[in-house]
Amino acid sequence: MEKRVRVRFAPSPTGGLHMGGVRTALFNYLFAKKHGGDFILRIEDTDQTRFVDGAEQYIIDALKWCGISPNEGVGFGDGPHKPYRQSERKELGIYKKYADKLIASGHAYYAFDTSEELDEMRKRLEAAKVVAPQYNAVTRQNMRNSLTLPEDEVKKLLEAGAKHVVRLKVPRNEEIRFNDIIRGWVVVNSAQVDDKVLLKSDGMPTYHLAHIVDDIEMQISHAVRGEEWLPSAPAHILIYRYLGLENEMPKLAHLPLILNPDGNGKISKREARFPVFPLSWKDPREATPYTGYRESGYYPEAFVNILALLGWNPGNNEEIFSVAQLADIFEFERVHKSGAKFDPEKAKWFNQQYLRKHSDAELAAVFKPLLKEKGYERSDAFLVDFCKLVKEKVQFVHEFWDHGKYVFEPPLSYDEKVITKKWNEKSKSIFIIVSEKFKNTSEWTVENITKSFHDAEAETGKIDMQLLRVLITGVAGGPQLFDMLALIGREESVKRMETALHKLTQ
RNA sequence: GGCCCGUUCGUCUAGGGGUUAGGACACGUCCCUUUCACGGAUGAAACACGGGUUCGAUUCCCGUACGGGCUACCA
């Protein structure tokens, strides 16, 4: 019988969760939902030196905002496998138990080398032109460990509480192969794998031991993680094997990385041209906070949609998917092997698609407080009309202001290009007639404004609408002009025209 | 450097032994529009290179180049 699907997202709280991490979480979540399984959040806080205050809460908040909440784990309620924080699990002695088992079976050993001694070893190997200096089957013979030291000395050292780590005893020359769901068979010779530290001298497990122990104890069925883990996967296979758990180990899936849009390499938070974090992130060690997708005006649905299509696709031409839809159709078979460059432009387009799904009333309600910040207030009905008009121009709600602020305040300048090209000595007299017609318009509606404009044209000949637009709004583009005038109001429209005529004829 | 992974328009990608190599973003042009957009239509734009295998390779195999990852008592 197939194991129940249980997957986990297991970040370390060493900083803000960036979009690559969110995508890993997302793919785990989608896979769990698709198969009616469990999605777990486990916090891998085994590195006490890199622990960052607030990072754990940030991870929880970010997942919530994205709508990809785990159903078990830190911040989401305990399940049968609590605790879900590795530091707490360490206190329970869970990891040491497994390490001891490996030592007892001869697959792991104590190493007493200091970091200075390790440095020396590396320097020595480099000087000897060894291509890949590492602690392995060959070099461990010259180091201070329970394989080289006499048995009674090892015992004495341990009893005296000498600092030591536990290392995996990797065979010298053995082919290790595993079948990755995304990449197929991967083969590595154990000579390339070093004797990984399993238990650190502070008693904490390393990632390599901890995630294996937890995946087994939490009955994880699939370990889905980034490609950066591919090189250490052979060591993990060995650990499962030596623990006698190779048949129970989760299936492996290594996700392709999200790459920088320009330049190269993994996406990095220093790349300030677009947000890297889902929510703004203030690193306690750094002065300036990083902006997030949320603060940049992205809908979480759009953000998740963007991420889903980076490295995965449904196999057809559709691009807009809700999380629920994604959960229906997601499969690892359609996940790519190669990394995907992130395109900030397309990300904006996605947000636009989601913005358009909202009604004018919904948009107005969100825009209302933004407008108030700018110092203006209008009735809900007015804002609904406003949003209806400006909607087609914007990709983000905050752009309602950028693209429509002239509805609320008069222009400070007039589009140079349009003025240079279209303003001439006849213009003033023409627009004086227009403003007269506007003053006499019965009720200030789009229909009547149009009619008044036509009446003016009957007297003056064809009037340039873009020029009229610039006189009133200052800018060359925007939504339907007469609709805008209706919103701006008769008195204000006429006043602005007169101001413009005055300024332009000075 | 070594090891591992990868490579279809600028970007995200579909496809797959015989196709006019499809779509999306961005870009150009046109239509609609007395302004502006939306929308519609359309254009330019890709199988990294070299060898095989094959009647035929972008598709399969091998090299090369290029890109990425890893190379800690970090994850």
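Here, every reference points to the structure presented above.
Below you will find a few notes about this structure. Everything quoted here is computed from the prediction, not taken from an experiment. (Residues numbered from 1 in each chain as written. Chains lettered and ligands numbered in written order. Predicted model: local features only at pLDDT ≥ 70, side-chain atom pairs only at ≥ 80, totals over all residues. Heavy atoms only, no water.)

**Things to note about the packing of aromatic side chains**
The final tally for this structure, using the stated rule, is 27 aromatic pairs. When the ring of Phe 367 is compared with that of Phe 400, the centres are 5.7 Å apart and the planes differ by 50°; the resulting orientation is tilted. Placement of Phe 367 in helix 12 (residues 360-373) and of Phe 400 in helix 14 (residues 399-404) is noted, with a sequence separation of 33 residues between them. Phe 367 gets classed as buried once you look at its relative accessible area, which sits at 0%. Here the aromatic cluster, defined as three or more aromatic residues joined through ring pairs, consists of Phe 367, Tyr 376, Phe 382, Phe 386, Phe 400, Trp 401 and Phe 408. In this structure, Arg 177 packs its charged tip against the face of Trp 185, placed 5.3 Å from the ring centre. (Phe/Tyr/Trp six-rings, centres within 6.5 Å; stacked < 30°, edge-to-face > 60°. Helix = DSSP H or I, 4+ residues; strand = E, 2+ residues; numbered from the N terminus. Buried < 20%, exposed > 50% of the residue type's maximum accessible area, 1.4 Å probe, protein only. Lys NZ or Arg CZ within 6 Å of the ring centre and 35° of its normal.)

**Examining unusual backbone geometry**
The step from Lys 82 to Pro 83 runs through a cis peptide bond, and the omega angle for that step is -5°. Among the structural elements, Pro 83 can be located in the loop between strand 3 (72-73) and helix 3 (86-91). In the Ramachandran plot, Lys 129 falls in the positive-phi region, its phi being about 60° despite a non-glycine side chain. With respect to the element layout, Lys 129 can be found in the loop between helix 5 (115-127) and helix 6 (151-159).

**Topic: the protein's contact with RNA strand B**
Near RNA strand B there are 63 residues, and of these Asn 264, Asn 313, His 454, Arg 469 and Gln 480 occur at the shortest range. When atoms of RNA strand B within 4 Å of the protein are split into backbone and base, the sugar-phosphate part holds 73%. Between RNA strand B and Gly 311, the relevant distance is 2.7 Å, taken from a phosphate oxygen to a main-chain nitrogen or oxygen of the residue. Here a base oxygen of RNA strand B sits 2.2 Å away from a polar atom, N or O, in the side chain of Gln 480. Mapped by element, the contributors of at least two residues to the surface near RNA strand B are helix 5, strand 5 (165-168), strand 7 (184-189), strand 12 (340-341), helix 11 (344-355), helix 17 (446-460) and helix 18 (465-473). The residue inventory of the surface near RNA strand B, partitioned by class, reads 21 nonpolar, 18 polar and 24 charged. (Near = heavy atom within 4 Å. Polar contact = N/O pair within 3.5 Å; in protein donor to acceptor, adjacent residues only side chain to side chain. Nonpolar A, V, L, I, M, F, W, Y, C, P; charged D, E, K, R; others polar.)

**What to know about the pattern of salt bridges**
The full count for this structure, using the stated rule, is 33 salt bridges. With its nearest N and O atoms 2.5 Å apart, the salt bridge here joins Arg 140 to Asp 195. Placement of Arg 140 in the loop between helix 5 and helix 6 and of Asp 195 in the loop between strand 7 and strand 8 (197-199) is noted, with a sequence separation of 55 residues between them. Taken individually, Arg 140 and Asp 195 each receive the classification buried, so the pair is uniform in this respect. Glu 295 is paired through a salt bridge with Arg 294; the nearest N and O atoms lie 3.0 Å apart. Of the residues examined, Glu 295 reaches a relative accessible area of 36% and is grouped as partly exposed. We classify Arg 294 as partly exposed; its relative accessible area is 41%. (Salt bridge = Lys/Arg side-chain N within 4 Å of Asp/Glu carboxyl O.)

**As for the nonpolar core**
Judged by nonpolar contacts, the single largest core of 66 residues is most densely connected at Leu 30, Leu 63 and Phe 342. Those elements that place two or more of their residues in this core are strand 1 (6-9), helix 1 (19-34), strand 2 (38-41), helix 2 (55-66), strand 10 (251-255), helix 9 (300-308), helix 10 (323-329) and helix 11. In terms of residues, this core owes the most to one element, helix 1, which gives 9 residues. Setting aside residues no more than four positions away along its own chain, Leu 63 makes contact with Phe 9, Leu 17, Ala 25, Leu 41, Ile 68, Ser 69, Pro 70 and Phe 76. (Core = buried A, V, L, I, M, F, W, Y, C linked by side-chain atoms within 4.5 Å. Contact = heavy atoms within 4.5 Å.)

**Considerations on the side chain of Asp 214**
Tracing the sequence through the fold places Asp 214 in helix 7 (residues 207-217). Residue Asp 214 is classed as buried on the basis of its relative accessible area, which comes to 0%. Residues in contact with Asp 214, not counting those within four places in the same chain, are Arg 42, Gln 86, Arg 89, Tyr 95 and Gln 219.

**Structural notes on the sheet that holds strand 5**
If you trace the 3 strands from one edge of the open sheet to the other, you get 4-5-8, paired in antiparallel fashion. Because the sheet does not close on itself, it has two edges, and the strands there are strand 4 (108-111) and strand 8. Strand-to-strand twist in this sheet, taken as the mean axis angle between neighbours without regard to direction, amounts to 45°. Pairing analysis gives 2 bridges linking strand 5 to strand 8, with the strands arranged antiparallel. Its bridge partner being in strand 8, Val 166 is matched across the sheet by Leu 199. (Pairing = 2+ DSSP bridges. Axes fitted to C-alpha atoms, helices over the stretch in contact; angles between N-to-C directions.)

**Quick look at the environment of Arg 122**
Relative to the helices and strands, Arg 122 is located in helix 5. In the structure, Arg 122 is positioned 119 residues away from Lys 3 in sequence and 44 Å away in space, judged by C-alpha atoms.

**Observations regarding the side chain of Arg 89**
By the element assignment, Arg 89 lies in helix 3. Look at Arg 89 and you get buried, because its relative accessible area is 2%. A polar atom in the side chain of Arg 89 sits 2.7 Å from the backbone oxygen of Pro 83. Ignoring sequence-local partners within four residues, the contact set of Arg 89 consists of His 81, Lys 82, Pro 83, Ile 94, Tyr 95, Asp 214, Glu 217 and Met 218.

**Quick word on the pairing of strand 9 (residues 222-226)**
Across the 5 residues of strand 9, 5 count as buried, placing the element largely inside the fold. Where strand 9 lies against strand 10, 5 bridges are found, and the strand directions are parallel. Pairing of Gly 226 across the sheet is with Leu 255, part of strand 10.

**What to know about the layout of surface pockets**
Roughly 1300 Å³ of internal volume is contained in the largest pocket. Lining the largest pocket are 44 residues, and of these Ser 12, Thr 14, His 18, Glu 228 and Trp 229 lie nearest its centre. Elements represented by at least two residues in the lining of the largest pocket include exactly strand 1, helix 1, helix 7 and strand 9. Among the residues making up the lining of the largest pocket, the classes are represented as 17 nonpolar, 14 polar and 13 charged. (1 Å grid on protein atoms, 1.4 Å probe; cavity = no way out; pocket = protein on both sides within 12 Å on 5 of 7 lines; lining within 4 Å. Points joined across faces, edges and corners; volume = space filled by probe spheres on them.)

**Considering helix 18**
Within helix 18, 7 of the 9 residues are buried, leaving the element largely enclosed by the surrounding structure. Buried within helix 18 we find Leu 467, Leu 468, Arg 469, Val 470, Leu 471, Ile 472 and Thr 473. Lining the buried residues of helix 18 we find helix 15 (416-422), helix 16 (427-440), helix 17, helix 19 (481-488) and helix 20 (490-504). The N-terminus of helix 18 is capped by Asp 464, whose side-chain oxygen sits 2.8 Å from the backbone nitrogen of Gln 466. Looking one or two places after helix 18, you find Gly 474, whose phi comes out positive at around 90°.

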